[in-house]
Amino acid sequence: MDTDERRGGSGAAGLAPAARRQLWVEEPSVRRRMADPVRTSAVRAVLIVSLTLIQAMVAFLCTLAGSWLAFPMVLSSVASTVVATWGVLDVWVTRQVWNQRHGVVSEPSSSARRLRRDRRRERRAARAAARRGERIRRRGPGRGERVPQRGTNRLSELSEV
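Residues numbered from 1 in each chain as written. Predicted model: local features only at pLDDT ≥ 70, side-chain atom pairs only at ≥ 80, totals over all residues. Heavy atoms only, no water.

Enquirer: Requested: an account of the overall build of the protein chain, with residues and values cited.
Expert: When its secondary structure is counted, the protein chain shows five helices and zero strands. Start at the N end of the protein chain and walk to the C end: the helices and strands fall as α-α-α-α-α. Counting over 161 residues, the protein chain shows a buried share of 14%. Considering only contacts within the protein chain whose residues lie at least 6 apart along the sequence, 46% involve residues at least 24 apart. Put simply, the protein chain shows about 14400 Å² of open surface, and 59% of that area lies on carbon and sulfur atoms. (Helix = DSSP H or I, 4+ residues; strand = E, 2+ residues; numbered from the N terminus. Buried < 20%, exposed > 50% of the residue type's maximum accessible area, 1.4 Å probe, protein only. Contact = heavy atoms within 4.5 Å. Areas by Shrake-Rupley, 256 points an atom, 1.4 Å probe, with all protein chains shown as cover.)

So, in structure tokens, the structure goes:
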């Protein structure tokens, strides 16, 4: 509160305090920050490209002036252009690798989550039923079931029981 408001005044220029525009308004960032390796390669590429452009400009001016330095500068500008292209491709490749390794985490929709939960519940119920069936079979044969003879541990006979 400024002093006019404390005294009960109407504020500066007769405006209400809410109508005043603040000097600094913080807005959320629209784009996420680049990953560290991608940012590092991008900075490297910008430096290389800027030096290449400066070198090409010097080569052009030396050529116009007829200086002996023109030919070596043109050759080094060609080499620098290759290096600058590599730097830009490095940014692209680093970004692609980063996205593949630490890519976008997609959250399933609620319907997909519900379907998956139902399928999981069905699988658990089927496994539990199979375990119950195994326990009952291990206890011994029920009515009308054949009892395997001792000493004949053939798989075919045990599977019939």
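Enquirer: Describe a nonpolar patch on the surface, with residues and values.
Expert: Judged by side-chain polarity, M57, F60, L61 and L64 come together as a nonpolar surface patch covering roughly 440 Å² of accessible area. Considering the arrangement of structural elements, one finds M57 in helix α2 (residues 36-65). (Patch = residues over 30% accessible without salt bridge, like charges linked within 9 Å, V, L, I, M, F, W, Y side chains within 5 Å. Salt bridge = Lys/Arg side-chain N within 4 Å of Asp/Glu carboxyl O.)

Enquirer: Outline the layout of surface pockets, listing residues and values.
Expert: A volume near 270 Å³ is recorded for the largest pocket. Forming the boundary of the largest pocket are R31, R32, R33, M34, A35, V38, R95, W98 and N99. Ranked by residues supplied to the lining of the largest pocket, first place goes to helix α3 (residues 70-101) with three residues. Taken together, the residues that form the lining of the largest pocket break down as four nonpolar, one polar and four charged. (1 Å grid on protein atoms, 1.4 Å probe; cavity = no way out; pocket = protein on both sides within 12 Å on 5 of 7 lines; lining within 4 Å. Points joined across faces, edges and corners; volume = space filled by probe spheres on them. Nonpolar A, V, L, I, M, F, W, Y, C, P; charged D, E, K, R; others polar.)

Enquirer: Outline α3, supporting the account with residue identities and numerical values.
Expert: With 32 residues, α3 ought to run about 46 Å at 1.5 Å a step, and its terminal C-alpha atoms sit 46 Å apart, in line with that. Taken together, the buried positions of α3 are occupied by A70, M73, S77, S80, A84, G87, D90, V91 and T94. Residues of α3 that are buried make contact with α2. (Expected span 1.5 Å × (residues − 1).)

Enquirer: Describe α2, naming the residues involved and giving the relevant values.
Expert: Helix length check: α2, at 30 residues, gives a terminal C-alpha distance of 43 Å against a target of 44 Å (1.5 Å per residue), a fit within 8%. Along α2, the residues that are buried comprise V38, S41, A42, A45, I48, T52, Q55, A59 and C62. Buried residues along α2 sit in contact with α3. At the exit of α2 stands G66, carrying a positive phi of roughly 75°.

Enquirer: Go over the side chain of S77 with me, naming the residues and quoting the values.
Expert: Structurally, S77 can be placed in helix α3. S77 sits in the buried class, given a relative accessible area of 9%. A polar contact is formed between the side chain of S77 and the backbone oxygen of M73, at a distance of 2.8 Å. The residues contacting S77, other than those within four sequence positions of it, are T52, Q55, A56 and A59. (Polar contact = N/O pair within 3.5 Å; in protein donor to acceptor, adjacent residues only side chain to side chain.)

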